[in-house]
Amino acid sequence: MTNTDDFVSRALEVVESIPPGFVMTYGDVAAAMGSRAARAVGRVMSHYGSDAAWWRVVRASGHPAIHHEHQALEHFRAEGTPLRWSRDGVFRVNLAAARYTP
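A brief report on the enclosed structure follows. This is a predicted model, so every value here is computed, not measured. (Residues numbered from 1 in each chain as written. Predicted model: local features only at pLDDT ≥ 70, side-chain atom pairs only at ≥ 80, totals over all residues. Heavy atoms only, no water.)

## Things to note about the overall build of the protein chain
Looking only at helices and strands, the protein chain features 5 helices and 4 strands. Taking 2.2 N^0.38 as the reference for a compact globule, 102 residues should give roughly 13 Å; the C-alpha atoms of the protein chain span a radius of gyration of 13 Å, in line with that estimate. In terms of overall dimensions, the protein chain has a C-alpha envelope of 45 × 25 × 20 Å along the principal axes. When each of the 102 residues of the protein chain is scored for burial, the buried share is 38%. For the protein chain, the share of sequence-separated contacts (at least 6 apart) that also reach a separation of at least 24 residues comes to 58%. Accessible area of the protein chain: about 6200 Å², with a carbon and sulfur share of 50%. (Helix = DSSP H or I, 4+ residues; strand = E, 2+ residues; numbered from the N terminus. Rg over C-alpha atoms; globule rule 2.2 N^0.38 Å. Buried < 20%, exposed > 50% of the residue type's maximum accessible area, 1.4 Å probe, protein only. Contact = heavy atoms within 4.5 Å. Areas by Shrake-Rupley, 256 points an atom, 1.4 Å probe, with all protein chains shown as cover.)

## Observations regarding the packing of helix α1 (residues 3-16) against helix α3 (residues 38-48)
Two elements in contact, α1 and α3, have axes separated by 10 Å at closest approach and are oriented at 85 degrees. Between α1 and α3, the angle is such that the two are roughly perpendicular. Residues F7, V8, A11, L12 and V15 of α1 pack against A40, V41, V44, M45 and Y48 of α3. (Axes fitted to C-alpha atoms, helices over the stretch in contact; angles between N-to-C directions. Parallel < 35°, antiparallel > 145°, perpendicular 65-115°, else oblique.)

## So, the packing of aromatic side chains
Counting across every chain of the model gives 4 aromatic pairs. Ring geometry for F76 and F91: centres 6.2 Å apart, planes at 80 degrees, overall edge-to-face. Taken together, the residues span a long stretch of sequence, with F76 in helix α4 (residues 69-79) and F91 in strand β4 (residues 91-93) at a distance of 15 residues. The same class applies to F76 and to F91, which are both buried. Every member of this aromatic cluster is reached through a ring pair, and the members are F76, W85 and F91. (Phe/Tyr/Trp six-rings, centres within 6.5 Å; stacked < 30°, edge-to-face > 60°.)

## Concerning the nonpolar core
Grouped together as the largest cluster of nonpolar side chains are 30 residues, with contacts concentrated most on V23, V29, V41, M45, V57, F76 and V93. The element contributing the most residues to this core is α1, with 5 residues. V93 has contacts with V23, V58, G62, F76, T81, P82, L83 and A98, leaving out every residue within four places of it along the chain. (Core = buried A, V, L, I, M, F, W, Y, C linked by side-chain atoms within 4.5 Å.)

## Quick look at unusual backbone geometry
Even without being a glycine, H67 presents a positive backbone phi close to 75 degrees. In this fold, H67 is placed in the loop between β2 (57-58) and α4.

## Concerning the side chain of T81
Relative to the helices and strands, T81 is located in the loop between α4 and β3 (83-85). The exposure class assigned to T81 is buried, which follows from its relative accessible area of 7%. Those residues within four positions of T81 in sequence are excluded, and the remaining contacts are G21, F22, V23, F76, V93 and A98.

Here you go:
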C-alpha cells in the first residue's frame, strides 16, 4: 500500500464515521487524521468520495461542495442537518450546531 492509498483510505474512514445530521469540514477531516492537508482531503472526496457520505464534508464556511449544492441539500434535509439561509436563498450548514468531532 502506498502513502497515497493510505491517505485515501484514512480520509474515507473518517468521513464514514460522521453520523447522519452532522458534518466535518475538509480541514476537520484532515485534522482527525493528524494532517493539515485539507485540500488533499478535497481531492480524495472528488476522486473517491462518490460511495461515501460526501455531503457530510463541507467547506470551512459551511457551504457544500461546489456544483453539488442541490444534491447535498436533499441529503441535509433528509438527515435533519441544521442549516442557515441567507436572504438571497443561499444555504450553508450551521457549523455551530452540526459540526462533528470524532
